[in-house]
Amino acid sequence: MSAGWHSRKAENASAAPPGATEQMSSPSSPRKTHSRPCCTAILVANRRTWMSVLRRIDSGLDMVESCVTVAMKLVGPLLILAALGLISFCTYTFFTDAIPNMDAGPLTKVSESCVGLVLLANALYNYAKAALSDPGTPPNFDDALDSAVESDMPKPRKCLKCNRCKPTRAHHCRVCRRCVLKMDHHCPWINNCVGFANYRYFCLFMLFLYASCAFVVCVLSVHFWHLAFPPVVALGLGVHRHHDHYVRLSMQSESHILTTFVICFSVMLALSMLGGFHMYLVLTNQTTIEFQFNMGRRREARKNGEFYRNPFDLGRRRNFQEVFGPSPFIGFRWMLPCLAQRPAGNGMDFPSLRAGIAGIVV
Ligand SMILES: [Zn+2]
Ligand SMILES: [Zn+2]
């Protein structure tokens, strides 16, 4: 906006006829006393108009931000209920419609039920931990300042909104109205921030939810095939032996199976993108917020013929262990938080490849 004001000012100056300046600056000219105050008055009026427009835009943006914050607060619990409702519906369909009506022996049915239960339990456990855990709260600023003075450390940064210490990688969440250590984003589906202390639960929830959906899709695919396509088509494709069995399904079971298949398949597709993105973030040691900044820095470096590397990127193995703890990847203990070791660190300082960056331990 200010650029527009400056350009208009420049246009006015360039639009003046040649010699007009000299005419105005001449002490003997009678126009001098009238034209200069007139131009100044126009410029002042223009400036006031632009300032007023900017103020209105600012207040409008503040209002939009407040509305979004309130909406997020209201939508959060509703989305949790929606997520639990969808999980309950799919679980009910799996155990009461799909498994009992499977054309398989009891051993297969029991095995598939057990696998389904294990995946469901892990998904729900990680969901509860991600939603209910503290994502990481920085210490009180005054306490951090006292300890910094005692240990002769640099003065910590302060968040002016929540009056807490603001370490490296911490950000203030406008919805939660507090700072969060190594903040990734505010997730409305868990109605909580995703940060240093609950990021691994968030990732594991996505992983187990994806595995659960993929398992349900595999189990229901035979049902879905016969329900989605008429028996005549199935007969032509050589799978007619299931025809009599599927006729016995009630309309309610059929609709449950179709709906569950579509829900699980859609969630799988969504998690393929979201989970893939977070896998990339974990392996490159970035948060979602940092990823946006790093994109700009990378672009700038490319323009200057340089290569930008995220300073927290310590290599894939160490980046992975910074989120999931020191358990080796192949052992898969990191998938079970009750057995896996906690990640090292306190969320305040992070190892970095670069020296001399404030707040980073090298
Ligand atoms: Zn804050
Ligand atoms: Zn938040």
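Small disclaimer: the values here were computed from a predicted structure and weren't measured.

Caption draft 1: Focus on the coordination of the zinc ion (ligand 1). On the protein side, the zinc ion (ligand 1) has Cys159 (SG), Cys162 (SG), His172 (ND1) and Cys179 (SG) as donor atoms, found 2.1 to 2.4 Å from it. The coordination sphere of the zinc ion (ligand 1) comprises four donor atoms, whose angles at the metal cover 99 to 121°; the geometry is tetrahedral. Expressed as a motif, the donor residue spacing for the zinc ion (ligand 1) is C-x2-C-x9-H-x6-C. The exposure class assigned to His172 is buried, which follows from its relative accessible area of 18%. The buried category is assigned to Cys179, whose relative accessible area is 0%.

Caption draft 2: Broad picture of the coordination of the zinc ion (ligand 2). Surrounding the zinc ion (ligand 2) are the protein donor atoms Cys173 (SG), Cys176 (SG), His186 (ND1) and Cys193 (SG), which sit 2.2 to 2.3 Å from the metal. Note that the zinc ion (ligand 2) binds four donor atoms; their angles at the metal cover 100 to 117°, and the shape is tetrahedral. In primary-sequence terms, the residues that donate to the zinc ion (ligand 2) follow C-x2-C-x9-H-x6-C. Given the relative accessible area of 13%, His186 is considered buried. A relative accessible area of 0% means that Cys193 is categorised as buried.

Caption draft 3: Geometry of the pattern of salt bridges. Evaluated as defined, the whole model comprises six salt bridges. Measuring nitrogen to oxygen at the nearest pair gives 3.2 Å for the salt bridge that ties Asp134 to Arg178. Of this pair, Asp134 sits in the loop between helix 4 (106-132) and helix 5 (141-150) while Arg178 is found in strand 2 (residues 178-180), placing the two residues 44 residues apart along the sequence. The partly exposed category is assigned to Asp134, whose relative accessible area is 43%. In this structure, the salt-bridge partner of Lys182 is Glu322, at a minimum N-O distance of 3.8 Å. Of this pair, Lys182 sits in the loop between strand 2 and strand 3 (185-187) while Glu322 sits in helix 11 (residues 316-324), and the two are 140 residues apart along the sequence. Residue Lys182 is classed as buried on the basis of its relative accessible area, which comes to 10%. It is possible to trace a salt-bridge network through shared partners that takes in Arg169, Lys182, Glu290 and Glu322.

Caption draft 4: Structural context of a negative patch on the surface. There is a patch of like negative charges on the surface, built from Asp142, Asp143, Asp146 and Glu150. Inspection of the secondary structure assignment puts Glu150 in helix 5.

Caption draft 5: Looking closely at the packing of aromatic side chains. What the rule picks out here adds up to 16 aromatic pairs. Here Phe332 and Trp334 contribute two aromatic rings whose centre-to-centre distance is 6.4 Å and whose plane-to-plane angle is 40°, an arrangement assigned as tilted. Classification of Trp334 by relative accessible area gives buried; the value is 7%. One aromatic cluster in this structure is built from Phe320, Phe324, Phe329, Phe332 and Trp334. Its guanidinium or amino end placed over the ring of Phe312, Arg169 lies 4.0 Å from that ring's centre, counting from NZ or CZ. Against the face of Phe350 rests Arg169, its NZ or CZ located 4.8 Å from the ring centre.

Caption draft 6: Structural detail: a nonpolar patch on the surface. Taken together, the side chains of Val53, Ile57 and Leu61 present a nonpolar region at the surface, about 230 Å² in accessible area. Inspection of the secondary structure puts Val53 in helix 3 (residues 32-98). In this structure Val53 comes out as partly exposed when scored by relative accessible area, which is 32%.

Caption draft 7: Region of interest: helix 10 (residues 288-303). Taking 1.5 Å of rise per residue, the 16 residues of helix 10 would be expected to cover 22 Å, and the 23 Å separating its terminal C-alpha atoms lies within 8% of that figure. Here helix 10 has its buried residues at Thr288, Ile289, Glu290, Phe291, Asn294 and Ala301. Against the buried residues of helix 10 lie strand 1 (171-173), strand 3 and helix 9 (251-284). At the C-terminal side of helix 10, Gly305 shows a positive phi close to 75°.

Caption draft 8: Highlighting the layout of surface pockets. Size it by volume and the largest pocket reaches roughly 640 Å³. If you go around the largest pocket, you meet 29 residues; those closest to its centre are Ile87, Phe205, Leu209, Cys213 and Val267. Elements that contribute at least two residues to the lining of the largest pocket include exactly helix 3, helix 4, helix 6 (199-228) and helix 9. Sorting elements by how many residues they give to the lining of the largest pocket places helix 6 first, with eight residues.

Cut-offs used in this document
Residues numbered from 1 in each chain as written. Chains lettered and ligands numbered in written order. Predicted model: local features only at pLDDT ≥ 70, side-chain atom pairs only at ≥ 80, totals over all residues. Heavy atoms only, no water. Donors = N, O, S within 2.8 Å, 3.2 Å for Na, K, Ca; no water. Tetrahedral: all angles 85-135°; square planar, octahedral: opposite > 155°, others 65-115°. Buried < 20%, exposed > 50% of the residue type's maximum accessible area, 1.4 Å probe, protein only. Salt bridge = Lys/Arg side-chain N within 4 Å of Asp/Glu carboxyl O. Helix = DSSP H or I, 4+ residues; strand = E, 2+ residues; numbered from the N terminus. Patch = residues over 30% accessible without salt bridge, like charges linked within 9 Å, V, L, I, M, F, W, Y side chains within 5 Å. Areas by Shrake-Rupley, 256 points an atom, 1.4 Å probe, with all protein chains shown as cover. Lys, Arg positive; Asp, Glu negative; His and termini not counted. Charge placed at Lys NZ, Arg CZ, Asp CG, Glu CD. Phe/Tyr/Trp six-rings, centres within 6.5 Å; stacked < 30°, edge-to-face > 60°. Lys NZ or Arg CZ within 6 Å of the ring centre and 35° of its normal. Expected span 1.5 Å × (residues − 1). Contact = heavy atoms within 4.5 Å. 1 Å grid on protein atoms, 1.4 Å probe; cavity = no way out; pocket = protein on both sides within 12 Å on 5 of 7 lines; lining within 4 Å. Points joined across faces, edges and corners; volume = space filled by probe spheres on them.

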